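Next come the chains, spelled out residue by residue.
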Amino acid sequence: MSLLGDLLGSGGQGGGSLLGMAAELIQRAGGVQGLVALLQQHGLGDVVQSWVGTGANQPVSPGQLGQALGGGGLGGVLQEMAGKLGVDQGQLLGQLSQVLPHAVDHLTPDGQVPADGGGAVDLSALSGLAGKLFG
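What counts, and where the lines are drawn
Residues numbered from 1 in each chain as written. Predicted model: local features only at pLDDT ≥ 70, side-chain atom pairs only at ≥ 80, totals over all residues. Heavy atoms only, no water. Core = buried A, V, L, I, M, F, W, Y, C linked by side-chain atoms within 4.5 Å. Buried < 20%, exposed > 50% of the residue type's maximum accessible area, 1.4 Å probe, protein only. Helix = DSSP H or I, 4+ residues; strand = E, 2+ residues; numbered from the N terminus. Arc of directions from axis to C-beta. Axes fitted to C-alpha atoms, helices over the stretch in contact; angles between N-to-C directions. Parallel < 35°, antiparallel > 145°, perpendicular 65-115°, else oblique. Left-handed = near helix turned anticlockwise from the far one by under 90°. Contact = heavy atoms within 4.5 Å.

Caption draft 1: Region of the structure containing the nonpolar core. In terms of nonpolar packing, the biggest core is built from 36 residues, with Leu 39, Leu 69, Leu 92, Leu 96 and Leu 100 touching the most fellow members. The element contributing the most residues to this core is helix α3 (residues 31-52), with 10 residues.

Written out as structure tokens, the structure reads:
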């Protein structure tokens, strides 16, 4: 099964989908606010700020994302997610580097990190994202 199939296959319901994994990663980082802070602390401040802002999203390489998430204590989470999807961590990071900018952008429509900061990421808030990305 392809990663794109995993992303589109569960229609934003979670489970083993890549979009579900992105939402889980955001949640385990402490919500959008936690993920933004973690990426800022690990040298990706300008990049992640572009995802939050209303302009174009700057790209992030899989290596940069892996370094930042691993340095932020989420390396084990990445390994767990790669196992759930049946791919290696490099493949997962390649896909997350494409999906996370859009997910953060989608969850910050007004160009601001939500004030509540943490808490669960509502997958229904991301349900239309797969259609926008691959529609």
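Caption draft 2: Molecular detail of helix α5 (residues 75-85). Taken residue by residue, α5 has Val 77, Leu 78, Met 81, Ala 82 and Leu 85 as its buried positions. All buried residues of α5 fall inside an arc of 135° around its axis, so they share one side. Those residues of α5 that are exposed and aimed more than 90 degrees away from the buried face are Gln 79 and Gly 83. Looking one or two places after α5, you find Gly 86, whose phi comes out positive at around 75°.

Caption draft 3: Molecular detail of the packing of α3 against helix α4 (residues 62-71). Contact geometry for α3 and α4: axes closest at 9 Å, N-to-C directions at 110°. As judged from the angle between their axes, α3 and α4 are roughly perpendicular. For the pair α3 and α4, the sense of crossing is right-handed. On α4, the residues touching Leu 35, Leu 38, Leu 39, His 42 and Leu 44 of α3 are Gln 64, Leu 65, Ala 68, Leu 69 and Gly 71.

Caption draft 4: View of the packing of helix α2 (residues 18-28) against helix α6 (residues 89-107). Running from N to C, α2 and α6 cross one another at 70°; their axes reach a closest spacing of 9 Å. Considered as vectors, α2 and α6 are oriented roughly perpendicular to each other. Here the hand of the crossing between α2 and α6 comes out right-handed. Residues Leu 18, Leu 19, Ala 22, Leu 25 and Ile 26 of α2 form the contact with α6, whose participating residues are Leu 92, Gln 95, Leu 96, Val 99, Leu 100, Ala 103 and Leu 107.

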